[in-house]
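# Observations on the model geometry
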Amino acid sequence: MEIDLIFKIAAIGILISILNQVLVRSGREEQATMTTLAGLVVVLMMVAQKIADLFALVKDLFQF
């Protein structure tokens, strides 16, 4: 298992949470929400790519 993926997701989460707090305290709640959603999309795309790699590996393993 790649531990780097976990660290990347954690780093994105920390960065987004800090940016979210800064934006909320400056009165920009809409940008904070959009930033949070953008971070979520980035993480979901990373996870989706790993899931696609897993399915390709299973397909090659069982030679479907």
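Presented here is a report on the structure given in the accompanying data block.

Cut-offs applied
- Residues numbered from 1 in each chain as written.
- Predicted model: local features only at pLDDT ≥ 70, side-chain atom pairs only at ≥ 80, totals over all residues.
- Heavy atoms only, no water.
- Helix = DSSP H or I, 4+ residues; strand = E, 2+ residues; numbered from the N terminus.
- Contact = heavy atoms within 4.5 Å.
- Expected span 1.5 Å × (residues − 1).
- Buried < 20%, exposed > 50% of the residue type's maximum accessible area, 1.4 Å probe, protein only.

### What about the environment of Thr36?
One can find Thr36 in helix α2 (residues 29–62). Put simply, Thr36 and Leu54 are 18 residues apart on the chain and 27 Å apart in space, counted from C-alpha to C-alpha. The residues contacting Thr36, other than those within four sequence positions of it, are Ile16 and Asn20.

### Some remarks on helix α1 (residues 3–25)
Taking 1.5 Å per residue, 23 residues should reach 33 Å; α1 reaches 33 Å between its end C-alpha atoms and fits that length. Of the positions making up α1, those classed as buried are Leu5, Ile16 and Leu23. Against α2 lie the buried residues of α1. Trailing α1 by a residue or two, Gly27 shows a phi angle of about 85°, which is positive.

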